[in-house]
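Topology and contacts: notes
Take a look at the letters that make up each chain.
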Amino acid sequence: MFAFAVSHVASIAHHGELGPGRSRRLLHTAFASTVVCATLLSSGLGWAGQAEVDATYKDVERTLGSVPTFLHQVSKAALPGAWAEVKALQFSSETALPPKVKALISLAVSAQIPCQYCIWEDTESAKQAGATEDEIEEAVAIAALSRHWSTIFNGMQVDFETFKKDLGGDAQAAAPAK
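Residues numbered from 1 in each chain as written. Predicted model: local features only at pLDDT ≥ 70, side-chain atom pairs only at ≥ 80, totals over all residues. Heavy atoms only, no water.

Here the focus is a nonpolar patch on the surface. A cluster of nonpolar residues, I142, L145, W149, I152, F153, M156 and V158, forms a patch on the protein surface that exposes about 650 Å² of accessible area. In this fold, F153 is placed in helix α7 (residues 133–155). (Patch = residues over 30% accessible without salt bridge, like charges linked within 9 Å, V, L, I, M, F, W, Y side chains within 5 Å. Areas by Shrake-Rupley, 256 points an atom, 1.4 Å probe, with all protein chains shown as cover. Salt bridge = Lys/Arg side-chain N within 4 Å of Asp/Glu carboxyl O. Helix = DSSP H or I, 4+ residues; strand = E, 2+ residues; numbered from the N terminus.)

In structure tokens form, the structure reads like this:
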């Protein structure tokens, strides 16, 4: 959700296409939902020492131009790990998914959670990554379709093995890849 905002906004800011205030605002909002989600998913991280927290704030400031206010509300134990995760996955250009795909996936998930912060930021990131209104609408519609059928399958307690056979698979073929 945030990868594109950082890489794209930094690129266009560097080329003078956006003013520094707009670039910084886009980076801050993109980062907001990412850190919230990463913090919620983080577990088992030990208490970060104050030096590590301070180093994280300095890294955030170097990356974004300032430290968003909400970051001071993030658990000090979770902050360094959450920031590292965001940088390694969403900021990285070395991942398998391009920024637009990441933003559309994140938007679909955010719509299901639901998270108004994430929805807003993911929509902005998707647009910045080149997603059209049709692509944004379709990502949300696919999320809704998945939720719809999941509700039916689970609520009706459809037999999983029969389901796989009905759709042309068997237990071995349908097993998740390792």
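Residue position: A141 is located in helix α7. A141 sits 30 residues away from A111 along the chain, and the two C-alpha atoms are 9.8 Å apart.

Before going further, it helps to examine the side chain of D59. Along the polypeptide, D59 turns up in helix α3 (residues 50–64). Setting aside residues up to four positions removed in sequence, D59 forms contacts with W83 and K87. (Contact = heavy atoms within 4.5 Å.)

Our next topic: the packing of helix α5 (residues 99–112) against α7. In a pair of packed helices, the angle between the axes and the distance between the axes together describe the arrangement. The geometry of α5 relative to α7 is characterised by a closest axis approach of 9 Å and an angle of 45° between their N-to-C directions. Classified by the angle their axes make, α5 and α7 are oblique. The two elements α5 and α7 cross, and the hand of that crossing is right-handed. Counted together, K100, L104, L107, A108, A111 and Q112 of α5 and E135, I136, A139, V140, A143, A144 and R147 of α7 form the full contact between these two elements. Across the contact of α5 with α7, the residue classes tally to 9 nonpolar, 1 polar and 3 charged. (Axes fitted to C-alpha atoms, helices over the stretch in contact; angles between N-to-C directions. Parallel < 35°, antiparallel > 145°, perpendicular 65-115°, else oblique. Left-handed = near helix turned anticlockwise from the far one by under 90°. Nonpolar A, V, L, I, M, F, W, Y, C, P; charged D, E, K, R; others polar.)

So, on to the side chain of K102. Within the fold, K102 resides in helix α5. No salt bridge forms around the buried K102; measuring N to O, its nearest opposite-charge neighbour E94 is 10 Å away. Among the polar contacts listed, one links the side chain of K102 to the side chain of T95, at a separation of 2.6 Å. (Buried < 20%, exposed > 50% of the residue type's maximum accessible area, 1.4 Å probe, protein only. Lys, Arg positive; Asp, Glu negative; His and termini not counted. Polar contact = N/O pair within 3.5 Å; in protein donor to acceptor, adjacent residues only side chain to side chain.)

One finds V53, Y57, V60, L64, F70, L71, V74, L79, W83, V86 and F91 forming the largest nonpolar core, which totals 11 residues. Of all the secondary-structure elements, those providing two or more residues to this core are α3 and α4 (79–90). Tallying contributions element by element places α3 first for this core, with 4 residues. Core analysis: the next-biggest nonpolar cluster, separate from the first, contains 7 residues, A103, L107, A126 and A131 among them. (Core = buried A, V, L, I, M, F, W, Y, C linked by side-chain atoms within 4.5 Å.)

All right, on to the pattern of salt bridges then. On inspection of all chains with the given rule, the structure shows 5 salt bridges. Note that D59 is salt-bridged to R62, the shortest N-O span being 3.4 Å. Of this pair, D59 and R62 both sit in helix α3, 3 residues apart, which is roughly one turn of that helix. Between K164 and E161 there is a salt bridge, and its shortest N-O distance comes to 3.1 Å. Of this pair, K164 and E161 both sit in helix α8 (residues 160–166), 3 residues apart, which is roughly one turn of the helix. One connected set of salt bridges, linked through shared partners, spans D59, R62 and K87.

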